[in-house]
Amino acid sequence: MSRSSSSRERGFAEPTVALAAVLALSLGVAAYTVVLGGVGERQPTAEPTLERVHDAITVGGVADPGRLDRVRSVTVRTDGHANVTLRVAGRHWRVGPAPPEPPETVSNRATATRRVGVALAPGRVRPGRLRVTVWE
């Protein structure tokens, strides 16, 4: 029985090409595992909520404490709890439950702040701070 040279070469691959293919496959599986590893451990972020709250309470770039009643509908979109605080000139307004104190009592907690102009009376605007804290 004679064997042709083509049957001998069939099924063989260069060792470098085979190693490169195995390496590429291994890197792909490792990257997939890293991406899926973080799916279950979602950390809350306060910045998107801060942006939504800012948009809800400002008119012409100036925050109006009277519009804080709109914040409840905005903070409902968070998966956990949210607290919004607006401070200016020794006064403050809060919406939502108080954040847990000390912060170490809750593992998933995030805070974001932003400086805003606050209308205290018609024609009277003072610098203030808008703060959003979210937690699960």
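The preceding data block contains the structure.
Here we summarise the structure given alongside this text. (Residues numbered from 1 in each chain as written. Predicted model: local features only at pLDDT ≥ 70, side-chain atom pairs only at ≥ 80, totals over all residues. Heavy atoms only, no water.)

### Things to note about the side chain of Thr58
Okay, so step 1: Position of Thr58 among the secondary structure elements: in strand 1 (residues 58–59).
Okay, so step 2: On the basis of relative accessibility, which here comes to 13%, the residue Thr58 falls in the buried class.
Okay, so step 3: Those residues in contact with Thr58 that sit more than four places away from it in its chain are Ala63 and Arg67. (Helix = DSSP H or I, 4+ residues; strand = E, 2+ residues; numbered from the N terminus. Buried < 20%, exposed > 50% of the residue type's maximum accessible area, 1.4 Å probe, protein only. Contact = heavy atoms within 4.5 Å.)

### Topic: the sheet that holds strand 6 (residues 124–135)
Okay, so step 1: Strand order in the open sheet formed by six strands is 1-2-5-6-3-4, with mixed pairing between adjacent strands. The two strands at the open ends of the sheet, each matched to only one other strand, are strand 1 and strand 4 (91–95).
Okay, so step 2: Bridge analysis of strand 2 (residues 62–63) against strand 5 (residues 109–121) gives two bridges, and the strand direction is parallel. Paired with Val62 across the bridge in strand 5 is Gly117.
Okay, so step 3: Contacts from helix 3 (residues 47–57) reach strand 1, strand 2, strand 3 (81–88), strand 5 and strand 6, with the element oriented near 145 degrees to strand 6. (Pairing = 2+ DSSP bridges. Axes fitted to C-alpha atoms, helices over the stretch in contact; angles between N-to-C directions.)

### What to know about the nonpolar core
Okay, so step 1: If you look at the biggest cluster of nonpolar residues, it comprises 22 residues, and the most contacted ones within it are Val53, Leu68, Val71, Val84, Val118 and Leu130.
Okay, so step 2: Put simply, the parts of the chain that give this core at least two residues each are helix 3, helix 4 (71–75), strand 3, strand 5 and strand 6.
Okay, so step 3: Considering each element in turn, this core owes the most residues, five residues, to strand 5.
Okay, so step 4: Apart from residues no more than four positions distant in its own chain, Val53 is found in contact with Val71, Val74, Thr75, Val84, Leu130 and Val132. (Core = buried A, V, L, I, M, F, W, Y, C linked by side-chain atoms within 4.5 Å.)

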